[in-house]
Amino acid sequence: MRGTQKLYSALVNRVPGIRERYQIKRNHARGLRRGGVWLYLFGLNISYYVFRNRKLAHPARYPDYEKKSLYTEGSESSLSQRETPSELAEKLAEYDVISFDVFDTLILRPFSEPADLFFLMGAKLAYPDFKQIRQEMERRAREKKYKKERHYEVSLSEIYDILERETGLDRTAAMELEVTLEREYCFANPYMMEVVNSLRQTGKRLIITSDMYLNADQIRDLLTHCGFDAFDAVYVSCDHGRSKSRGDLFDLVRQAERFADPQARRMAHVGDNTVSDVEQAGRHGFYSVHYENVNKAGEPYRAEDMSVITGSLYRGTVNAHIHSGLRCFSREYEFGYICGGLFVTGYCRFIHDFVHRHSIDKLLFLARDGEILSKAYHILYPEEDGIWQYVYWSRLAAEKITAARFRYDYFRRFLYHKVNQGYSVTDIFASMELGDMAELCCRQAGLSPDAELTDRNADSLKKILLDQWEEILSRYAEQRAAGRLYYASVLEGCRSAAAVDIGWAGSGAITLDYAVNEIWQMNCPITGIVAGTNTCHNAEPDSSETFLQGGRQISYMYSQRENRDLWKFHDPGKGHNLYWELLLDAPAGSLKGFYLDAGGQCECRFKEYDESRTDKIREIHRGILGFAAQWKALSEKLAAYTETEHLSDISGRDAYAPMLIALGNKGYCGSFAELTDDPNL
């Protein structure tokens, strides 16, 4: 190996984190800046070997765990509050010519990085690593242009001349695909659409000034497709060999506009780049208005520890919605949209895939967590409204109906989970709906009905209850009969079903399956679908492992076998369960049980509910459903224009990622603590 190769290997390849940082820096450097990259490389090595900065050992793009934090001082959208569109239009109307930047100003993309569009191209072209190749070809085209004409402004055609030679792809077809995808995925910035429409009513001259490899005709077509009426003129860097970043494109614009209208003296420019659109515009005689890039505004708060395509689509979608400046949302809405939207959408897609792969006859969304899931499922799959149903079931109702089979869980719930918590023996009997038996049982156990349930008397009370076990089971006969009436209607004609719940032990589906098939003899096996299982932090971490291993229960986000990092992270003792349940919490009391009314029909009775929480819970749900609707529209485009159905799939690990940030921030979750103070949760 030659000396230079040995030196390169030692400085670059020995430490993965240094290699990654160096390559990123090198890929973005042009011309004389390449010399600075070597200085940067030496600096990284000195930091690692001399100053022992071991963070450099790991690639920056792939941290072990998310380090970001959600905004805690108010709603995140409040950070991007600015003057209303009409107020900005009024300010701009004082000028003779108003110029607009295009990308990240007039139009937005559903990606956190513009170049992530090339992932979709790679999917359509079935070409590995196409994003990196497309970026490299653009860099080569700019370097070639600089050597020849001393500037870096290239056209899309010039980029694809090189790309065809290097890859063998047909330049015309590939170039047309890029233009098509830009046109289909870009959308109008709602804030700027209102600004432009207001200005049009004043009759002012509106123009475009953009640094871009798309030419003026392509830019016009793109803006029209996004819903903008024609602009009076379009000036693009690749057409003129000048750029906003250097400032000489603004000189050309001023000259051309004054030639078109000698009276045009005062000009304004609106854009997102602080150098090109603000500093350079100002230096060259334009009144500049900075519109902050939505991805830059949202970047400090968005999850990065995600798969590259889903992560980019998620961040781009959220940033555009939260930071456009058009609306300021409530913190509850943002909690639902930012933390719950991806999860609920991904969970519904996971459920849908399972139901269709296994030819399930009926999909049951169990109350109460299933309410918002069923609404999201309706948005995503409206054609399947007859397949699914929101149904009532609860652990309290199940414990009474299935007490004969799950006696251990019965006593664990009603006795042992309540010891030393201030409950009287009378309270315990009331919760079991055995109030008239309290006095007799207490006398036999030598307890006062007002005595507190403790770890010292729980066993003796259980012994007395076991002596009365047949009587207790007979007390629940009515609820078993009423439950049968309810589910006979729900499962009529069905030979298989799936029951959906948040988790965690999956007892909802397990007990329902037993009731349906063993107690009521309906011959309809029920598979349990949960968002997450018990974790290593639960007292019973293995409670459902046989069901998971045997396929009678499946988990979306994590289990002992999948995404074990989440299985180890998720801690009910830190309130993690409560905040996940809060996302799905229906504003209604949970089911107490099934009963027979005077006419012998099933009557569902519910616990009381604190109505003061309703508005805030509905705001959380509004955010979730808003995200689901946007993701559905995006996924339909992805399927249509890349002919790949799964590009918008959301893995369980990705679905957890936004909440991973929230749960790691006590200040953020703490602001919703009052909403978790609900006995129904």
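Everything numeric in this text was worked out from a predicted model, so none of it was measured.

**Student:** Would you mind going over the environment of L466 with me for this structure?
**Tutor:** With respect to the element layout, L466 can be found in helix α22 (residues 458-467). For L466, a relative accessible area of 32% translates into the label partly exposed. Considering only alpha carbons, one finds L466 and K418, 48 residues apart in sequence, at a separation of 18 Å. Not counting residues within four places of it along the chain, the set of residues in contact with L466 comprises R407 and F411.

**Student:** Please clarify how empty space enclosed by the protein should be interpreted in this entry.
**Tutor:** Rolled over the atoms, a probe as big as a water molecule pinpoints where empty space is left. Here the structure, examined in full by the defined rule, presents three cavities of 30 Å³ or more. Here the largest cavity defines a volume of roughly 60 Å³. Taken together, L70, Y71, G74, E76, R331, E334, I338 and Y668 make up the full set of residues lining the largest cavity. Tallying contributions element by element places helix α16 (residues 331-357) first for the lining of the largest cavity, with three residues. Of the residues that constitute the lining of the largest cavity, the class distribution is four nonpolar, one polar and three charged. Estimates place the volume of the second largest cavity at around 40 Å³. A509, I510, D513, I526, T527, G528, F547 and R552 are the residues that line the second largest cavity. Those elements giving two or more residues to the lining of the second largest cavity turn out to be α25 (507-519) and β11 (526-532).

**Student:** What is the right way to look at the sheet that holds strand β4 (residues 205-210) in this model?
**Tutor:** Strand pairs in the sheet, formed through backbone hydrogen bonds, run parallel or antiparallel to each other. Ordered in space as β5-β4-β1-β6-β7, the five strands form an open sheet in which the pairing is parallel. Every other strand in the sheet has two partners, leaving β5 (233-236) and β7 (286-290) as the edge strands with one partner each. On average, each strand axis in the sheet is inclined to that of its neighbour by 20°, with strand direction left out of account. Bridging between strand β6 (residues 267-271) and β7 involves five bridges; their strand directions are parallel. Bridge pairing links A268 to Y287 in β7. The strands that helix α4 (residues 85-92) touches are β1 (97-100), β6 and β7; relative to β7, the one it contacts most, it runs at about 170°.

**Student:** Even after reading the chapter, I still don't get α22, so can you show me in this structure?
**Tutor:** Each α-helix turn comprises 3.6 residues. Residues three or four places apart therefore point the same way. For α22, the complete set of buried residues consists of A458, L461, I464 and L465. Projected down its long axis, α22 shows its buried positions confined to an angular sector of 125°, all on one face. Away from the buried face of α22 by more than 90 degrees, exposed residues D459, K463 and D467 are located. Of the surrounding elements, those touching the buried residues of α22 are α19 (407-414), α20 (425-431), α21 (438-445) and α23 (469-475).

**Student:** Is there a simple way to explain a nonpolar patch on the surface in this structure?
**Tutor:** Together, I46, Y49, V50 and F51 line one region of the surface with nonpolar side chains, adding up to about 430 Å² of accessible area. Along the chain, V50 falls in the loop between α3 (33-49) and α4. Of the residues examined, V50 reaches a relative accessible area of 55% and is grouped as exposed.

**Student:** Would you mind going over the packing of aromatic side chains with me for this structure?
**Tutor:** Taken as a whole, this structure holds 45 aromatic pairs when the rule is applied. Consider the rings of Y410 and W469, whose centres lie 5.4 Å apart with planes at 75°: the pair is edge-to-face. Here the residue Y410 occupies a position in helix α19, and W469 occupies one in helix α23, the gap between them amounting to 59 residues. An identical accessibility class is assigned to Y410 and W469; each is buried. Among the aromatic residues, those joined into a ring-pair cluster are F343, Y347, F350, Y556, Y558, F569, W580 and Y656. Of note, R134 hangs over the ring of Y213, and the distance from its end group to the ring centre comes to 4.9 Å. One Lys or Arg, R266, reaches over the ring of Y95 and ends 4.3 Å from the middle of that ring.

**Student:** Would you take a moment to explain the environment of D427 for this structure?
**Tutor:** Take D427: it is sitting in helix α20. Classification of D427 by relative accessible area gives partly exposed; the value is 39%. Counting along the chain gives 211 residues from D427 to A216, while the straight-line C-alpha distance between them is 76 Å.

Rules used throughout
- Residues numbered from 1 in each chain as written.
- Predicted model: local features only at pLDDT ≥ 70, side-chain atom pairs only at ≥ 80, totals over all residues.
- Heavy atoms only, no water.
- Helix = DSSP H or I, 4+ residues; strand = E, 2+ residues; numbered from the N terminus.
- Buried < 20%, exposed > 50% of the residue type's maximum accessible area, 1.4 Å probe, protein only.
- Contact = heavy atoms within 4.5 Å.
- 1 Å grid on protein atoms, 1.4 Å probe; cavity = no way out; pocket = protein on both sides within 12 Å on 5 of 7 lines; lining within 4 Å.
- Points joined across faces, edges and corners; volume = space filled by probe spheres on them.
- Nonpolar A, V, L, I, M, F, W, Y, C, P; charged D, E, K, R; others polar.
- Pairing = 2+ DSSP bridges.
- Axes fitted to C-alpha atoms, helices over the stretch in contact; angles between N-to-C directions.
- Arc of directions from axis to C-beta.
- Patch = residues over 30% accessible without salt bridge, like charges linked within 9 Å, V, L, I, M, F, W, Y side chains within 5 Å.
- Areas by Shrake-Rupley, 256 points an atom, 1.4 Å probe, with all protein chains shown as cover.
- Salt bridge = Lys/Arg side-chain N within 4 Å of Asp/Glu carboxyl O.
- Phe/Tyr/Trp six-rings, centres within 6.5 Å; stacked < 30°, edge-to-face > 60°.
- Lys NZ or Arg CZ within 6 Å of the ring centre and 35° of its normal.

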